[in-house]
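Chain by chain, the residues:
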Amino acid sequence: MGLLSRFFAPKDPLEHLRRLAREERWADLLRQGEEPEEGLHPDARAEWLSLLTQAGDRLAELNLAEGEACLQIGDRERAREHFQLAAEHGRSPTLSETAQNRLAELSAPAATTHHAKTKAPSCCASGCSSAVSSSAEEADTPDPETRLELVLSNYPADLAERYWHTGAAFRQPFLAAHEGRDAEALAGFDALPAGERDDLFHFERGALRARMGDIAAGRRDLEQAVVMNPSHSLAFETLVRLDFHENRLKEAAERLTRMLSANLTPAFCHGCLAHLRAAEGNLPEALTHGEEALREGPVEMEVLTLVASLYERSGRFAEAEGLLKRLPSSGCGGASHVLLAEFWLRQGQSLKKALESFRAEAGRDPANPRWPLRMAQTCAALGRLGEGRPWLERLPTVDELAPDLRHEASEILLRYGK
């Protein structure tokens, strides 16, 4: 599902950026949130800019760590690249100054350069290294064949193999589409002769048209792709996403059922059906599909967290916790994922670990009132009301909070006697 999420603009761009932050996809967040949406409320605009700052600083920290690691093995050129990226991404003065200092040291003769002797912190397994490498790759502007290889690394092997045998006339608009040059890509696809318009063409042009807002034309191309190739899993998945996008939920369910009958991407199908059944209130069937998606795997984080929430609602707390422990840690410091920390808070367990995670998140996302609220709640649960009171003072008024936080804020304020 992750490959196809870029085809459609999110209905709530700010929530989309929050999701990228939760998943620690810092490079994607910077790229997709480069310019705040027009007409944003001042508070929303402030949060948008805060997310960009968070993403820039996290990428700077990661590149600084990678640069130090490169110095440990004597690769000064690679270290220079990472320090340069850190200087470009860093938003806080401290990080920018550190990166500039490391660059200056590398400009000195090698014999007088003194780099840190301590081992550089390694990146966590949550995708940090991929974020750094993708940023470096973008900066290096690789050749067309390398760019093609990078794109196809996200494609199923059977389809990827076929793309390697396409001609330059197809590859040029294909790469343009995947690099955000939509108008150029569409013109290139439209210029292809009829004899070269196979299922790959209709899938790529259909996805592009849908992303550009021409849903009807995009759907026609995608439907043609699955007629020409009934096993084209990506075209089917994209049609399902279009069904969801247009709230054609009955059509989505029918399409997913047909895909399952043909054994096409069962993890994706069961995950989508889990969300559909949960939205309908059919929680037992939603859980059945969610568990099947996990068995088929791999799944997106949304499916994993949905199943965890269904386990929790069913009183299957150990299973819910087990799934949430599979979420990536919050950054390279090792703090648990905040969704796991919120589970612990609800269950009144591992509260010190939960507090540590909320502190880490507040440090990365200081403008988000969710984290001071969570810290105040955790301190109250630990019986440390005095420690939690300053966090309450950071909260806006209850009426200014997001609807999902208002009731919780009212309750904790009563707990503190405010």
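For the structure itself, look to the data block above.
Here we summarise the structure given alongside this text.

**Comments concerning the layout of surface pockets**
Reasoning step 1: One number sums up the size of the second largest pocket: a volume of about 260 Å³.
Reasoning step 2: In this structure, the second largest pocket is lined by Glu-342, Leu-345, Arg-346, Arg-374, Gln-377, Ala-380, Ala-381, Glu-408, Glu-411, Ile-412 and Arg-415.
Reasoning step 3: When residues of the lining of the second largest pocket are traced back to their parent elements, those giving at least two are helix 19 (338–347), helix 21 (370–381) and helix 23 (403–415).
Reasoning step 4: Partitioning the lining of the second largest pocket into residue classes produces 4 nonpolar, 1 polar and 6 charged.

**What to know about the packing of aromatic side chains**
Reasoning step 1: In this structure the tally under the stated criterion is 8 aromatic pairs.
Reasoning step 2: Both rings, one in Tyr-155 and one in Phe-174, keep their centres 6.2 Å apart while their planes meet at 70°; by these two values the pair is edge-to-face. Separated by 19 residues along the polypeptide, Tyr-155 in the loop between helix 7 (144–152) and helix 8 (157–163) and Phe-174 in helix 9 (residues 168–178) bring together distant segments of the chain. In terms of burial, Tyr-155 and Phe-174 fall into one category: buried.

**Considerations on the nonpolar core**
Reasoning step 1: Formed by 42 residues in total, the largest nonpolar core has its most connected members in Val-307, Leu-323, Phe-358 and Tyr-416.
Reasoning step 2: Elements supplying a minimum of two residues to this core: helix 16 (283–296), helix 17 (301–313), helix 18 (317–324), helix 19, helix 20 (351–364), helix 21, helix 22 (385–392) and helix 23.
Reasoning step 3: When neighbours within four sequence positions are excluded, Phe-358 is seen to be in contact with Val-338, Ala-341, Glu-342, Leu-345, Trp-371, Arg-374, Met-375 and Thr-378.
Reasoning step 4: One finds Phe-189, Val-240, Ala-253 and Cys-272 within the second-largest nonpolar core, a separate group that totals 39 residues.

**Concerning the environment of Arg-258**
Reasoning step 1: As for its position among the elements, Arg-258 is in helix 14 (residues 249–261).
Reasoning step 2: Expressed as a C-alpha distance, the spacing of Arg-258 and Phe-236, which sit 22 residues apart in the sequence, is 10.0 Å.

**Describing the state of the cysteines**
Reasoning step 1: Evaluation of the coordinates by the stated rule reveals 0 disulfides.
Reasoning step 2: Here Cys-269 stays free of any disulfide, with the sulfur of Cys-272 as its closest cysteine sulfur at 6.9 Å.
Reasoning step 3: Take Cys-272: its relative accessible area is 5%, and that puts it in the buried class.

**What about unusual backbone geometry?**
Reasoning step 1: With omega at -10°, the peptide bond leading from Gly-297 into Pro-298 counts as cis.
Reasoning step 2: Structurally, the position occupied by Pro-298 is in the loop between helix 16 and helix 17.
Reasoning step 3: Even without a glycine there, the phi angle at Thr-265 is positive, about 40°.
Reasoning step 4: Within the secondary structure, Thr-265 is located in the loop between helix 14 and helix 15 (266–280).
Reasoning step 5: Looking at Thr-265, the relative accessible area reads 22%, which means it is partly exposed.
Reasoning step 6: In this model, Ser-350 sits at a positive phi of 45°, which is unusual for a non-glycine residue.

Cut-off values and rules
Throughout, residues of each chain are indexed from 1 in the direction in which the sequence is written. At least 70 in pLDDT is required for a residue's local features to be given in this predicted model, at least 80 for side-chain atom pairs to be given and counted, and no such filter applies to totals for whole chains, interfaces and linings, which use all residues. Heavy atoms throughout the structure, all of them, feed into the side-chain values; hydrogens and water do not. Buriedness of a pocket was judged along seven lines, with at least five required to meet protein on both sides within 12 Å; pockets are open sets of points on a 1 Å grid over the protein atoms alone, cavities are sets where a 1.4 Å probe fits but cannot get out, and lining residues have an atom within 4 Å of a point. Grid points are joined across faces, edges and corners, and a volume is the space filled by probe spheres set on the points. Where helices and strands are cited, they refer to DSSP runs of H or I of at least four residues and of E of at least two residues respectively, numbered from the N terminus. Residues are sorted three ways: Asp, Glu, Lys and Arg are charged, Ala, Val, Leu, Ile, Met, Phe, Trp, Tyr, Cys and Pro are nonpolar, and all the rest, Gly among them, are polar. Put simply, two rings from Phe, Tyr or Trp (the six-membered ring, in Trp's case) pair if the centres are within 6.5 Å, and we call them stacked under 30 degrees between planes, edge-to-face over 60, tilted for the rest. Residue burial is assigned from relative accessible area. The probe radius is 1.4 Å, only protein chains are included, and a residue is buried under 20% of its type maximum, exposed over 50%, and partly exposed in between. In plain words, nonpolar cores are sets of buried Ala, Val, Leu, Ile, Met, Phe, Trp, Tyr and Cys residues tied together by side-chain atoms within 4.5 Å. Throughout, a residue-residue contact means that at least one pair of heavy atoms, one from each residue, lies within 4.5 Å. We call a pair of cysteine sulfur atoms a disulfide whenever their separation is within 2.5 Å.

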